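Read off the chains here:
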Amino acid sequence: MANSKAENGLISELKKNGHKYKDVDDIFRSKSLEPVEVNLILKWLPKIYEEELGAGVILAQSLRLAKEPFDPNILIELFEESSLNATVKSGIGYAIVLSNTGDISAWIKKRLLSKKVAFENGALVRGLPGRGEFKNRDDLKQFLELIFPKYPIAVLETYDKIGSNDDVDFLLEQIKIADKKLSKEIEKTLKKILKREGINKQ
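Structure report, in brief. Keep in mind it's a predicted model, so treat the numbers as computed, not measured. (Residues numbered from 1 in each chain as written. Predicted model: local features only at pLDDT ≥ 70, side-chain atom pairs only at ≥ 80, totals over all residues. Heavy atoms only, no water.)

The subject of this paragraph is the overall build of the protein. Across its full length, the protein carries 13 helices and zero strands. Projected onto its principal axes, the C-alpha coordinates of the protein cover approximately 65 × 30 × 30 Å. Across the 202 residues that make up the protein, the buried fraction comes to 48%. The contacts of the protein with a sequence gap of at least 6 include a subset with a gap of at least 24, amounting to 63%. When the accessible surface of the protein is summed, it comes to about 11,200 Å², and 51% of that surface belongs to carbon and sulfur atoms. The averaged location of the 31 negative side-chain charges in the protein is 3 Å from the averaged location of its 34 positive side-chain charges. (Helix = DSSP H or I, 4+ residues; strand = E, 2+ residues; numbered from the N terminus. Buried < 20%, exposed > 50% of the residue type's maximum accessible area, 1.4 Å probe, protein only. Contact = heavy atoms within 4.5 Å. Areas by Shrake-Rupley, 256 points an atom, 1.4 Å probe, with all protein chains shown as cover. Lys, Arg positive; Asp, Glu negative; His and termini not counted. Charge placed at Lys NZ, Arg CZ, Asp CG, Glu CD.)

This is the structure we're talking about:
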């Protein structure tokens with residue numbers, strides 16, 4: 001399929017700066033991205049999303065390859081203010097938390113503590129362990145417990161990866177008040193934690 005006008009604009013500018021690519025897939029397959037490449041991608045990203053959604057998704061994920069920290073404001077604007085659907089915004093959220101950006105901890109926490117619950121915020125929950133800048137494990141634990149009622153599945157997926165014996169009692173309490181569907185998901189997470197930690201808990 002032919003590149004969109006915006007995608008060709010990006011490829012042309014990258015070439016002028018000494019970086020040759022055929023399309024966004026080619027960028028995604030590269031080993032790393034220099035700061036000049038990242039800046040050009042961010043410049044063209046909103047327009048590419050507008051013209052060709054799939055290319056925008058691929059391009060946003062390619063930012064994980066950035067060699068040096070970059071300003072995430074354009075990604076954040078797309079995440080917060082664009083008319084993109086929630087699933088696409090989730091992908092942008094993953095790009096934000098998994099890329100080499102400046103400190104985003106305050107922004108993530110503000111989004112997750114907002115009264116408004118948004119599907120795409122689930123991607124931010126999964127970035128908390130690495131990007132939340134918590135002082136210690138207890139601070140992270142308290143925050144996850146605080147947002148559990150709003151984002152239970154995303155928190156459970158986080159526990160699947162980093163949950164420990166310190167989280168077991170909290171999850172057991174949640175089973176008592178959760179509906180049948182959520183209870184099953186909590187049980188799955190508990191089994192993973194207990195197996196990992198080697199705990200016997202009734």
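All right, on to helix H3 (residues 35–51) then. Residues spaced three or four apart along an α-helix point in a common direction, a consequence of the helix completing one turn every 3.6 residues. The end-to-end C-alpha distance of H3, which contains 17 residues, comes to 24 Å, matching closely the 24 Å that a straight helix rising 1.5 Å per residue would cover. Among the residues of H3, Glu-37, Val-38, Leu-40, Ile-41, Leu-42, Leu-45, Ile-48 and Tyr-49 are the ones counted as buried. On the buried face of H3, the contacting elements are helix H1 (5–16), helix H2 (24–28), helix H4 (53–62), helix H5 (73–81) and helix H6 (86–98). (Expected span 1.5 Å × (residues − 1).)

We now examine helix H12 (residues 165–177). Among the residues making up H12, those that are buried are Asp-167, Val-168, Phe-170, Leu-171 and Gln-174. Structurally, H12 contributes buried residues whose contacts are with helix H10 (137–147), helix H11 (152–162) and helix H13 (180–197).

Let's shift gears to the pattern of salt bridges. All told, the structure shown has eleven salt bridges when counted by the stated rule. Measuring nitrogen to oxygen at the nearest pair gives 2.6 Å for the salt bridge that ties Lys-43 to Glu-13. Placement of the pair is Lys-43 in helix H3 and Glu-13 in helix H1, with a sequence separation of 30 residues. Between Glu-157 and Arg-126 there is a salt bridge, with its nearest N and O atoms 2.4 Å apart. Residue Glu-157 is located in helix H11, and its partner Arg-126 is located in the loop between helix H8 (122–125) and helix H9 (128–131); the two are separated by 31 residues in the primary sequence. Residue Arg-126 is classed as partly exposed on the basis of its relative accessible area, which comes to 30%. (Salt bridge = Lys/Arg side-chain N within 4 Å of Asp/Glu carboxyl O.)

We now examine the environment of Leu-144. With respect to the element layout, Leu-144 can be found in helix H10. Remark: the alpha-carbon pair of Leu-144 and Leu-112, spanning 32 residues in sequence, is separated by 10.0 Å. Apart from the residues lying within four places of it in its own chain, the contact partners of Leu-144 are Val-125, Leu-128, Val-155, Thr-158, Tyr-159 and Ile-162.

It is worth spelling out the packing of aromatic side chains at this point. One pass over the structure, following the stated rule, counts three aromatic pairs. Between Phe-79 and Trp-107, the aromatic rings sit 5.6 Å apart at their centres with planes inclined by 75°, giving edge-to-face as the arrangement. A residue pair is termed long-range when its members are at least 10 positions apart, and Phe-79 in helix H5 and Trp-107 in helix H7 (residues 105–113) qualify at 28 residues. Neither residue differs from the other here; Phe-79 and Trp-107 are each classed as buried. Between Phe-148 and Phe-170, the aromatic rings sit 5.5 Å apart at their centres with planes inclined by 85°, giving edge-to-face as the arrangement. Taken together, the residues Phe-148 in the loop between H10 and H11 and Phe-170 in helix H12 connect sequence positions 22 residues apart. Like Phe-170, Phe-148 is buried. Against the face of Phe-134 rests Lys-109, its NZ or CZ located 4.4 Å from the ring centre. (Phe/Tyr/Trp six-rings, centres within 6.5 Å; stacked < 30°, edge-to-face > 60°. Lys NZ or Arg CZ within 6 Å of the ring centre and 35° of its normal.)

In this structure, Ile-27, Leu-112, Val-125 and Leu-128 are the most contacted members of the largest nonpolar core, which totals 56 residues. Element by element, the count of residues in this core is highest for H3, at seven residues. Ignoring anything within four residues of it in the chain, the contact list for Val-125 reads Leu-112, Leu-144, Ile-147, Tyr-151, Ala-154, Val-155 and Thr-158. (Core = buried A, V, L, I, M, F, W, Y, C linked by side-chain atoms within 4.5 Å.)

Now for unusual backbone geometry. With a phi close to 55°, Glu-133 is a non-glycine residue in the positive phi region. Looking at the secondary structure, you find Glu-133 in the loop between H9 and H10. Taking the relative accessible area as the measure of exposure, Glu-133 reaches 54% and is therefore exposed.

Now for the environment of Gly-91. Position of Gly-91 among the secondary structure elements: in helix H6. The buried category is assigned to Gly-91, whose relative accessible area is 18%.

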